[in-house]
Amino acid sequence: MPLSRLVSSMHLALFILFALVSVISALYVVVAKNPINSAIALVISLVGVACLYVQLEAHFLAIIQVLIYAGAIMVLFLFVIMLLNLTPEQLGSRQVTAGRVASTVLVGGLAVALVALIAWGGVPRPAVSGTGGSEELTWAGGTVAAVGGSLFSDYLLPFEIASVLLLVAIVGAVVIAKRRS
Amino acid sequence: MSVDPSLYLIVSGLLFAVGLVGVLVRRNVLVVLMSIEIMLNGSNLAFITFSRVHRGLDGQVVAFFVIAVAAAEAAVGLAIVINVFRHFRSTNVDELKALKD
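Thresholds, definitions, all that
Residues numbered from 1 in each chain as written. Chains lettered and ligands numbered in written order. Predicted model: local features only at pLDDT ≥ 70, side-chain atom pairs only at ≥ 80, totals over all residues. Heavy atoms only, no water. Contact = heavy atoms within 4.5 Å. Buried area = accessible area lost by both parts, 1.4 Å probe. Salt bridge = Lys/Arg side-chain N within 4 Å of Asp/Glu carboxyl O. Polar contact = N/O pair within 3.5 Å; in protein donor to acceptor, adjacent residues only side chain to side chain. Helix = DSSP H or I, 4+ residues; strand = E, 2+ residues; numbered from the N terminus. Nonpolar A, V, L, I, M, F, W, Y, C, P; charged D, E, K, R; others polar. Axes fitted to C-alpha atoms, helices over the stretch in contact; angles between N-to-C directions. Parallel < 35°, antiparallel > 145°, perpendicular 65-115°, else oblique. Core = buried A, V, L, I, M, F, W, Y, C linked by side-chain atoms within 4.5 Å. Buried < 20%, exposed > 50% of the residue type's maximum accessible area, 1.4 Å probe, protein only. Domains from an automatic or database assignment. 1 Å grid on protein atoms, 1.4 Å probe; cavity = no way out; pocket = protein on both sides within 12 Å on 5 of 7 lines; lining within 4 Å. Points joined across faces, edges and corners; volume = space filled by probe spheres on them. Expected span 1.5 Å × (residues − 1). Lys, Arg positive; Asp, Glu negative; His and termini not counted.

**What about the interface of chain B and chain A?**
With 73 residues of chain B at the contact, the number on the chain A side is 83 residues. Taken together, the two surfaces of chain B and chain A that pack against each other cover about 6900 Å², and 77% of this comes from carbon and sulfur. Its largest share of buried area at the contact with chain A, chain B owes to Met34, Arg55 and Ile67 of chain B, together 9% of the area lost on that side. Linking chain B to chain A there are 1 salt bridge. A salt bridge links Arg52 of chain B to Glu57 of chain A; its shortest N-O distance comes to 3.4 Å. Summed over the shared surface of chain B and chain A, the result is 10 residue pairs in polar contact (both at pLDDT 80 or more). When contributions to the side of chain B that touches chain A are tallied by element, the ones reaching two or more residues are helix H1 (5–25), helix H2 (29–53) and helix H3 (58–88) of chain B. Residue contributions to the side of chain B that touches chain A peak at 23 residues, all from H3 of chain B. Here the residues of the side of chain B that touches chain A sort into 46 nonpolar, 17 polar and 10 charged.

**Some thoughts on the packing of helix H3 (residues 59–84) of chain A against H2 of chain B**
H2 of chain B packs onto H3 of chain A with a crossing angle of 175° between their chain directions and a minimal axis gap of 12 Å. If you check the angle between H3 of chain A and H2 of chain B, you find them roughly antiparallel. Here Leu61, Gln65, Tyr69, Met74, Phe77, Val80, Ile81 and Leu84 of chain A of H3 of chain A lie close against H2 of chain B, whose contacting residues are Leu30, Leu33, Met34, Glu37, Leu40, Asn41 and Ile48 of chain B. Its residues assigned to classes, the contact of H3 of chain A with H2 of chain B comprises 12 nonpolar, 2 polar and 1 charged.

**With respect to the nonpolar core**
In terms of nonpolar packing, the biggest core is built from 65 residues, with Tyr53, Leu61 and Phe77 of chain A together with Val11, Leu15, Leu30 and Met34 of chain B touching the most fellow members. Residue assignment places this core across two domains, with domain 1 (1–90) and domain 2 (143–181) of chain A each supplying three or more. Here Leu30 of chain B is in contact with Phe77, Val80, Ile81, Leu84 and Leu86 of chain A together with Leu78 and Val81 of chain B, once residues within four sequence places are set aside. Listed in part, the 6 residues of the second largest apolar core include Ile118 of chain A together with Ile10, Ala46 and Val53 of chain B.

**Let's talk about the layout of surface pockets**
Empty space among the atoms becomes apparent when a probe as large as a water molecule is rolled across them. As a volume, the largest pocket reaches approximately 420 Å³. Around the largest pocket sit 21 residues that line it, and Val30, Val31 and Thr104 of chain A together with Val21 and Val25 of chain B are the ones nearest its centre. Mapped onto the lining of the largest pocket, the elements with two or more residues apiece are helix H1 (2–31) and helix H4 (98–121) of chain A together with H1 of chain B. No other element matches the 6 residues that H4 of chain A contributes to the lining of the largest pocket. Here the lining of the largest pocket is built from residues that sort into 13 nonpolar, 4 polar and 4 charged.

**Some words on H3 of chain B**
Given 3.6 residues to a turn, an α-helix orients residues that are three or four positions apart in the same direction. The first and last C-alpha atoms of H3 of chain B sit 44 Å apart over 31 residues, in line with the 45 Å expected at 1.5 Å per residue. Following H3 of chain B by one or two positions, Arg89 of chain B has its phi on the positive side, about 55°.

**Concerning H4 of chain A**
Across its 24 residues, H4 of chain A extends 34 Å between first and last C-alpha, which sits within 8% of the 34 Å expected from 1.5 Å per residue. When we look at burial in H4 of chain A, the residues that qualify are Arg100, Ser103, Val107, Ala111 and Ile118 of chain A. If you follow the buried residues of H4 of chain A, they end up packed against H1 of chain B. Backbone geometry just after H4 of chain A places Gly122 of chain A at a positive phi near 70°.

**Regarding the pattern of salt bridges**
Residue and element names in this part refer to chain B. In the structure shown here, the tally under the stated rule is 2 salt bridges over all chains. With its nearest N and O atoms 3.6 Å apart, the salt bridge here joins Asp94 to Arg27. Of this pair, Asp94 sits in the segment after H3 while Arg27 sits in the loop between H1 and H2, and the two are 67 residues apart along the sequence.

**Some remarks on the domain arrangement of chain A**
Along its sequence, chain A is organised into domain 1 (1–90) and domain 2 (143–181). Distance between the C-alpha centres of domain 1 of chain A and domain 2 of chain A: 23 Å.

**Here we look at the side chain of Ser35 of chain B**
Residue placement: Ser35 of chain B occurs in helix H2. Discounting residues that sit within four places of it in the chain, Ser35 of chain B has contacts with Val30 of chain A together with Gly19, Gly22 and Val23 of chain B.

**What about the side chain of Arg26 of chain B?**
Position of Arg26 of chain B relative to the elements: it lies in the loop between H1 and H2. Buried charged residue Arg26 of chain B carries no salt bridge. Nearest counter-charge: Asp94 of chain B, at 10 Å. Only 2.7 Å separates the side chain of Arg26 of chain B from the backbone oxygen of Val30 of chain A, close enough to count as a polar contact. There is a polar contact of 2.8 Å between the side chain of Arg26 of chain B and the backbone oxygen of Ala32 of chain A.

Spelled out as structure tokens, the structure:
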């Protein structure tokens, strides 16, 4: 069908766009001189990854990514960067040393190996049981209702532990950052 | 699923590698923390890709918990950065070697 082929090629084109946006802005986070530029590039990268989540039908996670990551966490980062108000010499050296080149080459080799492994090996597909159509029908995607139902049934204890963790983090952050007189 | 899932895994691997380079190469502790967030994002993308491949929600729930832990880590980490800056007047991780000396 020409329509499904059009939709499929649009999917691929959008995937390439979002993947390029997220990876290139992640690279800019690492190479940027000013931490403010890094933070802005990281917001763009996080939004690009959120778009990939939408393509993977994880709608709830995409919204959470934009709200929590690109909203709350990055505002915290920007707030701290502006609070510290670093001078150029306080930003740390950016000169090329042997150790940095070696670690970059090493991680680059790791990335090449990883990509080659995935490209050759592919992704193991789960065995489709019986009629393939019914499996597709039961999958509703990562809607708020589906993920929420899973969180409050199978993952109730980890969910409560996560809430305690966040409370501890809030108290800990206040205690650590408080100025001692 | 019209885009092959291995392409998503390649993007997630690239994000992880970029974040790892940032952690190893950059010396500004703020950029190091941001690079850790990039690495967490790469792993989250892999989790959600496998959740889609297997048509289950477990991967998405794990990604949710990763985001919660990342929020806690960022809050505590930035509080420590503020305190360290008050002490040393610097955010360069090479100068924080009091335990080494």
